[in-house]
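Commentary on secondary and tertiary structure
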Amino acid sequence: MARVIVVTSGKGGVGKTTTSASVSAGLAARGHKVAVIDFDVGLRNLDLIMGCERRVVYDFVNVVQGEATIKQALIKDKKTPNLYVLAASQTRDKDALTQEGVERVIDELKADGFDFIICDSPAGIEKGAQLALYFADEAIIVTNPEVSSVRDSDRILGILQAKSRRAELGEAVKEHLVLTRYNPARVEAGEMLAMNDVVELLSVDLLGVVPESQDVLQASNAGTPVILQEGTDASEAYKDIVARFLGEEKPQRFLTVEHKSLFRKLFGK
Amino acid sequence: MRLLDYLLGQNRKSSANHAKDRLQILLAHERSQSKAPDYLPKMRQEILEVISRYVDIDEENLQISLDADNGYEVLELNLILPDAKRGA
């Protein structure tokens, strides 16, 4: 049975699209059939992060409005087998997506044998964000260890628990936290909220921590999901996240500063 | 420097702790607000209008809250009346 997963955060710029791209690629690399949908109508970006921006012919809105079939609009990823991208529309108005239309697309993807349907939510709590989370079975909440991001994540959790279809049916949406842009050195210095603090504040199970990393920008420059940048911390972190998402036990990593000086070893806490 | 920070840092709160404290208070407040039904502010306004036809009250003195308790929803209405003289 297909699982519909929304990647959301409330706040913009925290790493939703980066996480959508890497989780999708990671699930597909493990042999699952994955479709990743960009819900950010008017501000399409997932195609750029995935490196398929020049191959967009038809988009999500074309399919919703019946101008193209889902098969025509799905872009097959060139790097990872089993991975398909459905781009957001760039030009149309925000009302182009309808709940019925989105439901039809998701149902078609389920019927086509997709294992995972990843919905990359736009920022904010407007219609696009609400549609992205409405049909979700599970949610990945992307949060930065920073006050406004934590607050907005809490808002989005409230909306998931009140306005998603599962909530309307009296069922729960399974929530997972992904903490991105984590900087263990600043946490140790007391300058950044620690992982435990954010988990406690939001009371959501932690899927994983992605350390702040130069590699994320470099991957987006290249149009490659950062999970495919072998050997980088961000890639390792996302691989762990995918493994945990599939139910594997993996100890949390990237929570502490790796190279402690002798002085800190002797005198540090 | 680190050692100095460490020694001095004991009684001075780190900014991360400050952030956590602020968020704890804010999230608790916002969660209780978001659970309240949409009609509550308007209903509060209308109740105030009715009461103020009979009693001279201060708007700040009416508190309305909705709680769920043992499977019942309890609407609690708290009003502080002014001194008796001006009332009836």
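What this report covers is the structure whose coordinates are included nearby. It should be emphasised that the depicted structure is a prediction, and the values quoted were computed from it without experimental measurement.

Bringing the interface of chain B and chain A into the picture now. Counting residues at the interface gives 14 residues for chain B, matched by 16 residues for chain A. The contact between chain B and chain A buries some 1,600 Å² in all, and 62% of this surface belongs to carbon and sulfur atoms. Our count for the chain B to chain A interface comes out at four salt bridges. Linking Glu30 of chain B and Arg151 of chain A is a salt bridge whose minimum nitrogen-to-oxygen distance equals 2.6 Å. Our count for the chain B to chain A interface comes out at eight residue pairs in polar contact (both at pLDDT 80 or more). At 10 residues, helix H2 (residues 15-35) of chain B tops the list of elements feeding residues into the side of chain B that touches chain A. The class makeup of the residues in the side of chain B that touches chain A is seven nonpolar, three polar and four charged.

Residues and elements named next belong to chain A. Taken in spatial order, the eight strands of this open sheet run E3-E4-E2-E5-E1-E6-E7-E8, and their pairing is mixed. Two strands bound the open sheet, and with one partner strand each, they are strand E3 (75-76) and strand E8 (205-211). For strand E7 (residues 174-182) and E8, the ladder comprises five bridges, and the chain directions are parallel. Each residue of the ladder has a partner; that of Val178, found in E8, is Gly208. Helix H5 (residues 99-111) rests against strand E1 (3-8), strand E2 (34-38), strand E4 (83-86) and strand E5 (116-120) of the sheet, and its axis sits at about 150° to E5.

The next point concerns the packing of aromatic side chains. Residue and element names in this part refer to chain A. Considering all chains together, one arrives at four aromatic pairs over all chains under this definition. Ring centres of Tyr84 and Phe114 lie 5.5 Å apart, and the angle between their planes is 90°; this geometry places the pair in the edge-to-face category. Highlighted residues: Tyr84 in strand E4 and Phe114 in the loop between H5 and E5, separated in sequence by 30 residues. Each member of the pair Tyr84 and Phe114 is classed as buried.

Here is what the cut-offs are and how they apply
Residues numbered from 1 in each chain as written. Chains lettered and ligands numbered in written order. Predicted model: local features only at pLDDT ≥ 70, side-chain atom pairs only at ≥ 80, totals over all residues. Heavy atoms only, no water. Contact = heavy atoms within 4.5 Å. Buried area = accessible area lost by both parts, 1.4 Å probe. Salt bridge = Lys/Arg side-chain N within 4 Å of Asp/Glu carboxyl O. Polar contact = N/O pair within 3.5 Å; in protein donor to acceptor, adjacent residues only side chain to side chain. Helix = DSSP H or I, 4+ residues; strand = E, 2+ residues; numbered from the N terminus. Nonpolar A, V, L, I, M, F, W, Y, C, P; charged D, E, K, R; others polar. Pairing = 2+ DSSP bridges. Axes fitted to C-alpha atoms, helices over the stretch in contact; angles between N-to-C directions. Phe/Tyr/Trp six-rings, centres within 6.5 Å; stacked < 30°, edge-to-face > 60°. Buried < 20%, exposed > 50% of the residue type's maximum accessible area, 1.4 Å probe, protein only.

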